[in-house]
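Given next are the chains, with one letter for each unit.
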Amino acid sequence: PRCELQAQTGLSRLHRTDFATAAQAVSNTEQTAVSDAKESFSLIQEKRHDQAERSVLINCPPNTNKKKFLAYISKHGDIRNHFFYETYGIYAVVEFSSRDSISSLKENCTIPSLQHEASVPFKSRLLTLSSTATGKKQTGPNAIKCHNLTPPSFDKLINQLSKQETVDQQMQCLTEACQLTEENISLRFLVCSLLRDIAAAYFPDCIIRPFGSTVNSFGKLGCDLDMFLDLDAVSGHDQSKGSGLSLEYQVKRGASERNVTQSILSVIGECVDVFSPGCVGVQKILNARCPLVRFSHQPSSFRCDLTANNRVAMKSSEMLFIYGSLDERLRFLVFTIRYWARAHGITNSFPGAWITNFSLTMLVVFFLQQRTPALLPTLNQLRDLAGPSDKCVIEGNDCTMVTDLSKITLQQNTDTLEKLLQEFFEFYGSFDFGKSSINIRKGREQNKPETSAMHIQNPFETDLNVSRNVNSSQLQRFVTLCKESAWIFQNGDVLKRRSASSSNKIPQWGVAALLMPSVTKSVEAREKRKRRKNERTAERIMSVLQSLKSPAEAVLLGC
Ligand code: CTP
Ligand code: MG
């Protein structure tokens, strides 16, 4: 069996790029065509979905011998890919070449008999390997090597960054260290596929599709798993073909689309809670603007949000994927800025009034559209390049975008990542959020249509504000932090690479320094000191004035 996991195409592979030099090499042309034959977004999703349907997830004891395990499993068919990881125990993701192998494997599985409890006899593709072998963890060539699902610790990342030569390299290094791996994405698709088995009991043709950062190429290790239940294929086609007769299903009716979505999610949520092994802490949040079921998938440690009827959000994931494929600088900037925001508490994994990662990404896209020459096209330009097969209208929203990236011609922009990062901070440190709205469809700022603190027009549902949740104090924190970071850049010193001193302590410079709380803290502390000094001066003046009113007291106090 072929046991290595093959890298999929799709996510632009990282290679260290010197943008200014690369651009000089083609300096005779003002524009560059996006010529790489990249697979389309939907083709990549289909491939991954298909792989997941042919895969199983197996909990293995720590002393598992890899060779024996693979030989045992491959009795049921050719194993195309596999990998191991560790969360609450060691797990193996095994992808067979054919789906028939799963049926064969399942025929050999038993339902466990429990001593003091009873089991729900739902036969999922989440399995446990039992072994009669005793002994310690395997070592040597047959030992299991676990793939890492979590991001590096803050200290480890800072260390890695400080060892780079330039700020550009630091930003590329940060992206490499934090982005989702192929294995992680495969596991995410597998979790969707396992949940589909539950929903398919009611809707056999349904698909559960991941969207958001799992698929938009901006996912960071540890990000949540956004999914939606796609019932589109369930609706069926008219088969009358001129006979004059046709049949349709009798159906239950609901008061509105939203009502039907809430009922379906409520039932599926209940089934996930009762039948689906590994899914814990199921919460139904059905009154949200976008009703959802939230839970934790323990074997993968993923925080999951299941929605239904959410095809527009899938389109915005595709849009970000397209932008990410056009110019790799976008991804490097987004990863750096998201990390910077998280390190300073500007974003948070809990819902609240803070800026979300999605909003931050939109801010970066908009900023790159504003460069001269523009580094990214507007969404309207992507729409205008679309062919007839790209046409897409969802619930009255025009979501048409070009999918053939070779039709896109980019203007030539040679800005380095360091320059872009610095000017991002300057741009948003002085952006007029009070008056202006961010509009990536037109690539221009617009007058704000409503009074929210921050307004970013939703690219496809144009009446909606992506950052409606952000309140003015969170916006202020973001703007202040941008100003401070711009100030740090302008002072230049922090950006100079410093090598390790004799004490062997790695000095923090560049992006590493921008991420340290101490940098902004020191700015804050300096401001505070200045304020305190002013206050003390004011107090002294006040007391002198007071004493002038009563000369006798002034003499007593020695003024
Ligand atoms: N979305 C949206 N409007 C919002 C919030 C979210 O259209 N106000 C859509 C976007 O397509 C987004 C997806 O829902 O990508 C998932 O939202 P969320 O999980 O908040 O963002 P992610 O992009 O997945 O980023 P993160 O890594 O923080 O999960
Ligand atoms: Mg998400």
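Please refer to the structure placed before this passage.
Residues numbered from 1 in each chain as written. Chains lettered and ligands numbered in written order. Predicted model: local features only at pLDDT ≥ 70, side-chain atom pairs only at ≥ 80, totals over all residues. Heavy atoms only, no water.

Q: Sorry if this is basic, but what is going on with the environment of Cys 399 here?
A: Within the fold, Cys 399 resides in the loop between β13 (397–398) and β14 (409–411). Given a relative accessible area of 0%, Cys 399 falls into the buried group. In this view, Cys 399 contacts Lys 315, Cys 392, Val 393, Ile 394 and Phe 460; residues no more than four positions away in its chain are not counted. (Helix = DSSP H or I, 4+ residues; strand = E, 2+ residues; numbered from the N terminus. Buried < 20%, exposed > 50% of the residue type's maximum accessible area, 1.4 Å probe, protein only. Contact = heavy atoms within 4.5 Å.)

Q: Got a minute to help me understand the sheet that holds strand β2 (residues 55–60) in this structure?
A: Pairing within the open sheet is mixed, and its five strands lie in the order β5-β2-β4-β3-β6. Taken across any chain shown, the strands that pair with only one partner, and hence form the sheet edges, are β5 (126–128) and β6 (146–147). Pairing between β2 and β5: three bridges, direction parallel. Bridge pairing in β5 places Leu 57 opposite Leu 126. (Pairing = 2+ DSSP bridges.)

Q: Which parts of the structure should I look at to understand the site of ligand 1?
A: Around ligand 1, 14 residues are found, and the nearest of them are Ser 213, Asp 224, Asp 226, Ser 316 and Asn 357. At 2.9 Å, a side-chain N or O of Asn 357 approaches an oxygen atom of ligand 1. Within the contact set of ligand 1, a nitrogen atom lies 3.3 Å away from a backbone nitrogen or oxygen of Val 466. The protein chains hide 77% of the 560 Å² of surface that ligand 1 would expose on its own. Elements supplying a minimum of two residues to the shell around ligand 1: α9 (311–326) and α11 (357–369). Each residue belonging to the shell around ligand 1 can be placed in one class, and the counts come to five nonpolar, six polar and three charged. (Near = heavy atom within 4 Å. Polar contact = N/O pair within 3.5 Å; in protein donor to acceptor, adjacent residues only side chain to side chain. Areas by Shrake-Rupley, 256 points an atom, 1.4 Å probe, with all protein chains shown as cover. Nonpolar A, V, L, I, M, F, W, Y, C, P; charged D, E, K, R; others polar.)

Q: Explain helix α8 (residues 257–275) to me, please; I cannot follow it from the model alone.
A: Working note: α-helix, 3.6 residues per turn, so residues spaced by three or four point in the same direction. The end-to-end C-alpha distance of α8 is 27 Å, a good match for the 27 Å that 19 residues give at a rise of 1.5 Å each. All of the buried residues in α8 are Thr 261, Gln 262, Ile 264, Leu 265, Ile 268, Gly 269, Cys 271 and Val 272. (Expected span 1.5 Å × (residues − 1).)

Q: Would you take a moment to explain the packing of aromatic side chains for this structure?
A: Ring pairs (aromatic) are described by centroid distance and by the angle formed between their planes. What the rule picks out here adds up to 22 aromatic pairs. A ring pair is formed by Phe 69 and Phe 84, whose centres lie 5.7 Å apart and whose planes are at 55°; its orientation type is tilted. Pair noted here: Phe 69 is in helix α3 (residues 66–73) and Phe 84 is in strand β3 (residues 79–87), with a separation of 15 residues, a long-range link. Across the pair, Phe 84 and Phe 69 agree in class, each one buried. A connected cluster of aromatic rings, assembled from ring pairs, spans Trp 340, Phe 366, Phe 367, Phe 424, Phe 425, Phe 427, Tyr 428, Phe 431, Phe 433, Phe 478 and Phe 489. Positioned above the aromatic ring of Phe 302, the side-chain terminus of Arg 188 is 4.4 Å from the ring centre. (Phe/Tyr/Trp six-rings, centres within 6.5 Å; stacked < 30°, edge-to-face > 60°. Lys NZ or Arg CZ within 6 Å of the ring centre and 35° of its normal.)

Q: What should I look at first to understand a nonpolar patch on the surface in this one?
A: There is a patch of nonpolar side chains on the surface, built from Val 120, Val 274 and Phe 275 and spanning about 240 Å² of accessible area. Following the sequence through the fold, Val 120 ends up in the loop between α4 (100–107) and β5. (Patch = residues over 30% accessible without salt bridge, like charges linked within 9 Å, V, L, I, M, F, W, Y side chains within 5 Å. Salt bridge = Lys/Arg side-chain N within 4 Å of Asp/Glu carboxyl O.)

Q: Can you help me understand a positive patch on the surface in this one?
A: A grouping of Arg 532, Lys 533, Arg 536 and Arg 540 is seen on the molecular surface, where their side chains present a positively charged patch. In this structure, Lys 533 sits in helix α16 (residues 517–549). For Lys 533, a relative accessible area of 56% corresponds to the exposed category. (Lys, Arg positive; Asp, Glu negative; His and termini not counted. Charge placed at Lys NZ, Arg CZ, Asp CG, Glu CD.)

Q: How do you make sense of the environment of Asn 439 when you look at a structure like this?
A: Turning to its location among the elements, Asn 439 is positioned in strand β15 (residues 436–439). Taking C-alpha positions, Asn 439 is 47 Å from Asn 59, a pair spaced 380 residues apart along the chain. Beyond its immediate chain neighbours, meaning those up to four positions away, Asn 439 contacts Phe 366, Gln 369, Arg 444, Gln 446 and Gln 457.

Q: Even after reading the chapter, I still don't get the pattern of salt bridges, so can you show me in this structure?
A: Pairing between side chains of opposite charge can happen when the charged atoms of each approach one another. Applying the stated rule across the entire model yields 17 salt bridges. A salt bridge links Arg 125 to Asp 197, with the shortest nitrogen-to-oxygen separation between them at 3.1 Å. With Arg 125 in the loop between α4 and β5 and Asp 197 in helix α7 (residues 182–199), this pair connects stretches of sequence that are 72 residues apart. Note on Asp 197: relative accessible area 23%, which makes it partly exposed. Through salt bridges with shared partners, a single ionic network connects Arg 371, Asp 415, Lys 419 and Glu 423.

Q: Is there a simple way to explain the sheet that holds strand β9 (residues 279–285) in this structure?
A: As a general point, the strands of a sheet are linked pairwise by backbone hydrogen bonds and lie either parallel or antiparallel. Judged by pairing direction, the sheet is mixed, and its five strands sit side by side in the order β7-β8-β11-β10-β9 without closing on themselves. If you trace the sheet from one side to the other, it starts and ends with β7 (207–211) and β9, each paired once. On average, each strand axis in the sheet is inclined to that of its neighbour by 25°, with strand direction left out of account. Relative to strand β10 (residues 292–297), β9 runs antiparallel, the two sharing five bridges. Its bridge partner lying in β10, Cys 279 is registered against His 297. Seen against the sheet, α8 touches β8 (225–230), β9, β10 and β11 (302–308) and runs at an angle of roughly 165° to β9. Taken strand by strand, α9 contacts β7 and β8, and its axis lies near 45° from that of β7. (Axes fitted to C-alpha atoms, helices over the stretch in contact; angles between N-to-C directions.)

Q: What should I look at first to understand the packing of helix α13 (residues 417–429) against helix α14 (residues 472–490) in this one?
A: Contact geometry for α13 and α14: axes closest at 8 Å, N-to-C directions at 135°. Considered as vectors, α13 and α14 are oriented oblique to each other. Crossing hand, α13 versus α14: left-handed. Along the contact surface, α13 presents Glu 418, Leu 421, Gln 422, Phe 424, Phe 425, Glu 426, Tyr 428 and Gly 429, while α14 presents Phe 478, Val 479, Cys 482, Lys 483, Ser 485, Ala 486, Phe 489 and Gln 490. Residue composition of the contact of α13 with α14, grouped by class: nine nonpolar, four polar and three charged. (Parallel < 35°, antiparallel > 145°, perpendicular 65-115°, else oblique. Left-handed = near helix turned anticlockwise from the far one by under 90°.)

Q: What's the story with the side chain of Arg 441 in this structure? I'm lost.
A: Topologically, Arg 441 is positioned in the loop between β15 and β16 (444–447). Although Arg 441 lies buried, it forms no salt bridge, and the closest oppositely charged side chain, Asp 398, sits 5.8 Å away as judged by the N-O distance. Separated by 3.0 Å, the side chain of Arg 441 and the backbone oxygen of Pro 459 make a polar contact. Residue contacts for Arg 441: discarding those within four places in its chain leaves Thr 378, Leu 379, Asn 380, Arg 383, Asp 398, Gln 457, Pro 459, Phe 460 and Thr 462.

Q: Would you take a moment to explain the nonpolar core for this structure?
A: As a rule of thumb, soluble globular proteins bury nonpolar side chains together. In terms of nonpolar packing, the biggest core is built from 78 residues, with Tyr 323, Tyr 428 and Phe 478 touching the most fellow members. When residues in this core are grouped by element, the largest group, nine residues, is from helix α10 (residues 328–343). Grouped together as the second largest cluster of nonpolar side chains are 31 residues, Tyr 85, Leu 149, Ile 264 and Ala 308 included. (Core = buried A, V, L, I, M, F, W, Y, C linked by side-chain atoms within 4.5 Å.)

Q: Before we go on, may I ask you to explain the pairing of β7 in this structure?
A: On a regular strand, one side chain projects to one face of the sheet and the next to the other, so that they alternate. For β7, the tally of buried residues reaches five of five residues, placing the bulk of the element in the interior. Of the two faces of β7, both are covered, the one formed by Ile 207, Arg 209 and Phe 211 as well as the one formed by Ile 208 and Pro 210. One ladder, built from five bridges, connects β7 with β8; its direction is antiparallel. For Ile 207, the partnering residue across the bridge sits in β8 and is Asp 230.

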